[in-house]
Amino acid sequence: MNPPSSQLRQQTATEQVHATQGESVREFATPEELLRHDRASIAVPEAVAERLGETLAAEPPPASEKKPWWKRLL
Amino acid sequence: MTPTARCGPTGVTTMADDPAETVSAEAPPAPPVTLPADFTAIYEAHSQPIFYLALRLLGDPTAAQDATHDVFVKAYRKLDEFRGDAEIRTWLYRITLNHCSNLRQSWSARNIHTADDETVFDRVGGASENPLRVLETKELGQRIQTALGTLPDEYRVLLLLVADEELSYEQIGQLTQQTADAVRGKLHRARRTFTAAFAKTA
């Protein structure tokens, strides 16, 4: 059943208003598509990398980099 | 690159958040903070999905930043334990899920709640049969967070994991300790529950 023409005009007008305001209507088939779109718009704050660098600078190197003393003699 | 040289992930430098602020011409800029060379690639490849997972699980950007930092510190410390028998993304997700689960349990024990969003959201003009037909506004993220917050923990985790196209159902099953078939079945219900919850945020 088609919506009354006045409602259709109202809907189209509303979408045009949103389009001119820089907002767009998107349609997603599944919630995960919506979440992927959401994820794509979110960046990791630079502060996390900065803080991580400071933390790791104070960390001992991972165990894999440590050699037993006898291996260091070889 | 010499063994002692380090590359930062993004050439991070200190920047003023407010464009109106000016950096003093007298003080030399702080040197960029760098990550260990062998860890930079891991951070660059996986920090964004890890941060997003933490953000949507915890519902708080500051807590998500803290969690992301803590996850990568744990990963750095346990790098020698990573045997390579699983994808590193899966391994990092496991650390993240455990970390966020522990945080939420401690919040619950201390009766800490994240702020409920009571903003009235924009509606898409006219009635729509698809609740996932949305207006792209800055409140979209808040609507998603609100809808996720109403879901059982298991459904929320499954949806966030399946949103990562790099994960297979088998990997999601390993992370959630169930079979791939069980993941498929629960995802079907999780999608319906989320869609209904999301529609209510409109």
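The coordinates are above.
Remember, predicted model here, so these are calculated numbers, not experimental data. Starting afresh in each chain, residues are numbered from 1 along the sequence in its written order. Chains carry letters from A onward and ligands carry numbers from 1 onward, assigned in written order. In view of the model being predicted, local features appear only for residues whose pLDDT reaches at least 70, and side-chain atom pairs are presented and counted only at 80 or more, with totals across whole chains, interfaces and linings using the full set of residues. With hydrogens and water stripped out, all remaining heavy atoms of the structure feed into the side-chain values.

Student: Got a minute to help me understand the overall build of chain B in this structure?
Tutor: Strands are runs of DSSP state E lasting at least two residues, helices are runs of H or I lasting at least four, and both sets are numbered from the N terminus onward. Of the regular secondary structure elements, chain B holds seven helices and one strand. Seen in sequence order, chain B has helices and strands lined up from the N terminus as α-α-α-β-α-α-α-α. Categorising residues by exposure relies on relative accessible area from a 1.4 Å probe, with only protein chains included: less than 20% of the type maximum marks a residue as buried, more than 50% marks it as exposed, and the intermediate range marks it as partly exposed. For chain B, the proportion of its 202 residues judged to be buried stands at 44%. Considering only intrachain contacts with a sequence separation of at least 6, the fraction spanning at least 24 residues in chain B is 65%. The Shrake-Rupley method, run with a 1.4 Å probe, gives the accessible areas here. Residue values count only the displayed protein chains as cover. With the model as given, the accessible surface of chain B reaches about 11,100 Å², and the carbon-plus-sulfur share is 50%. By definition in these notes, contact holds between two residues if any of their heavy atoms fall within 4.5 Å.

Student: So what exactly am I meant to see when it comes to the packing of aromatic side chains here?
Tutor: Each aromatic ring pair is characterised by the separation of its centres together with the angle its planes make. Residue and element names in this part refer to chain B. When two rings of Phe, Tyr or Trp (its six-membered ring) have centres within 6.5 Å they constitute a pair, described as stacked for plane angles under 30 degrees, edge-to-face for angles over 60, and tilted for the intermediate range. In the structure shown here, the tally under the stated rule is four aromatic pairs over all chains. The interplanar angle of 20° and the centroid separation of 5.7 Å between the aromatic rings of phenylalanine 194 and phenylalanine 198 together place this pair among those described as stacked. Remark: phenylalanine 198 and phenylalanine 194 occur in helix α7 (residues 180-200); sequence separation between them is four residues, near one turn of the helix. The exposure classification of phenylalanine 194 matches that of phenylalanine 198, with both residues buried. An aromatic cluster is defined as three or more aromatic residues linked by ring pairs; in this entry it consists of Phe39, Tyr43, Phe72 and Tyr76. Whether a charge lies above a ring is judged from NZ of Lys or CZ of Arg, which has to be within 6 Å of the ring centre and within 35 degrees of the ring normal. Across from the ring centre of phenylalanine 198, 4.2 Å away, lies the NZ or CZ of arginine 143, which sits over that ring.

Student: Honestly, the packing of helix α3 (residues 88-109) of chain B against helix α5 (residues 153-162) of chain B in this entry has me stumped. Any pointers?
Tutor: Describing two packed helices takes the angle between their axes plus the distance from one axis to the other. All names here are of chain B. At a minimum axis distance of 13 Å, the contact between α3 and α5 shows a crossing angle of 150°. One finds that α3 runs roughly antiparallel with respect to α5. For α3 against α5, the interelement crossing comes out right-handed. Where α3 abuts α5, its residues Tyr93, Leu97 and Arg104 lie against Asp153, Arg156, Val157 and Leu161. Ten residue types, Ala, Val, Leu, Ile, Met, Phe, Trp, Tyr, Cys and Pro, are classed as nonpolar, four, Asp, Glu, Lys and Arg, as charged, and the remainder, Gly among them, as polar. Here the residues of the contact of α3 with α5 sort into four nonpolar, no polar and three charged. Note on geometry: axes are lines fitted to C-alpha atoms, helical ones only across the stretch in contact, with angles between N-to-C directions running from 0 to 180 degrees. Angles below 35 degrees are treated as roughly parallel, those above 145 as roughly antiparallel, those between 65 and 115 as roughly perpendicular, and all remaining angles as oblique. Crossing handedness follows the turn of the near helix against the far one: under a right angle anticlockwise gives a left-handed crossing, and clockwise gives a right-handed one.

Student: Looking at this structure, how should I read the environment of Trp91(B)?
Tutor: All names here are of chain B. Position of tryptophan 91 relative to the elements: it lies in helix α3. With relative accessibility at 12%, the residue tryptophan 91 sits in the buried group. Each C-alpha atom, one on tryptophan 91 and one on leucine 175, is 8.6 Å from the other, the two residues being 84 residues apart in sequence. Excluding residues that lie within four positions of it along the chain, tryptophan 91 makes contacts with Ala75, Lys78, Leu79 and Phe82.

Student: Sorry if this is basic, but what is going on with the pattern of salt bridges here?
Tutor: When charged atoms on two side chains of opposite charge get close, those side chains can pair. In the sections that follow, a salt bridge refers to a side-chain nitrogen of Lys or Arg positioned within 4 Å of a carboxyl oxygen of Asp or Glu. Following the criterion strictly, the structure yields 12 salt bridges over all chains and no others. In this structure, the salt-bridge partner of Arg191(B) is Glu32(A), at a minimum N-O distance of 2.7 Å. One end of the pair, Arg191(B), is in helix α7; the other, Glu32(A), is in helix α2 (residues 31-40), on a second chain. A salt bridge links Arg104(B) to Asp153(B), with the shortest nitrogen-to-oxygen separation between them at 3.5 Å. Linking Arg104(B) in helix α3 with Asp153(B) in helix α5, this pair joins segments that are 49 residues apart in sequence. Under the relative-accessibility criterion, Asp153(B) is labelled partly exposed at 45%.

Student: Just to check I follow, could you spell out the interface of chain B and chain A for this structure?
Tutor: When the parts come together, some accessible area is lost, and that loss is often what is quoted as the size of the interface. Contact residues are listed per partner, giving 55 residues for chain B and 42 residues for chain A. Buried area, as used here, totals the accessible surface that two parts lose on assembly, with accessibility defined by a 1.4 Å probe and the loss added over both. Note on chain B versus chain A: buried area summed over both sides is about 4,300 Å², and carbon and sulfur give 62% of it. On the chain B side of the interface with chain A, the three residues burying the most area are His69(B), Tyr76(B) and Glu136(B), jointly 15% of the side's total. Our count for the chain B to chain A interface comes out at six salt bridges.

Student: Just to check I follow, could you spell out unusual backbone geometry for this structure?
Tutor: Excluding glycine, residues mostly carry a negative phi; peptide bonds, for their part, are mostly trans. Residue and element names in this part refer to chain B. Notably, glutamine 177 is not glycine yet its phi reads approximately 60°, a positive angle. Topologically, glutamine 177 is positioned in the loop between α6 (169-176) and α7. Given a relative accessible area of 75%, glutamine 177 falls into the exposed group.

Student: Would you take a moment to explain the nonpolar core for this structure?
Tutor: One broad rule of soluble globular proteins: the nonpolar side chains tend to lie buried together. In this text, buried Ala, Val, Leu, Ile, Met, Phe, Trp, Tyr and Cys residues form a nonpolar core when linked through side-chain atoms within 4.5 Å. One finds Phe39(B), Leu161(B), Phe194(B) and Phe198(B) to be the most contacted residues of the largest nonpolar core, which totals 62 residues. Per-element accounting of this core gives the leading share, 11 residues, to helix α1 (residues 37-58) of chain B. Beyond its immediate sequence surroundings of up to four residues, Phe198(B) is in contact with Leu34(A), Pro131(B), Leu132(B), Val134(B), Leu140(B), Arg143(B), Ile144(B) and Ala147(B).

Student: Which parts of the structure should I look at to understand the layout of surface pockets?
Tutor: One simple way to see leftover space: roll a probe sized like a water molecule over the atoms. All names here are of chain B. Residues are called lining when one of their atoms sits within 4 Å of a cavity or pocket point, these points coming from a 1 Å grid over the protein atoms alone, where a cavity is a set in which a 1.4 Å probe fits but cannot get out and a pocket is an open set with protein on both sides within 12 Å along at least five of seven lines. Grid points are joined across faces, edges and corners, and a volume is the space filled by probe spheres set on the points. There is about 480 Å³ of room inside the second largest pocket. Looking at the second largest pocket, it is lined by 17 residues, and the ones nearest its centre are Leu97, Asn98, Ser101, Asp153 and Val157. When contributions to the lining of the second largest pocket are tallied by element, the ones reaching two or more residues are α3, α5 and α6. In terms of residue count, α3 provides more of the lining of the second largest pocket than any other element does, seven residues in total. Counted by class, the lining of the second largest pocket contains five nonpolar, seven polar and five charged residues.

Taken by themselves, the reported measurements are silent on function.
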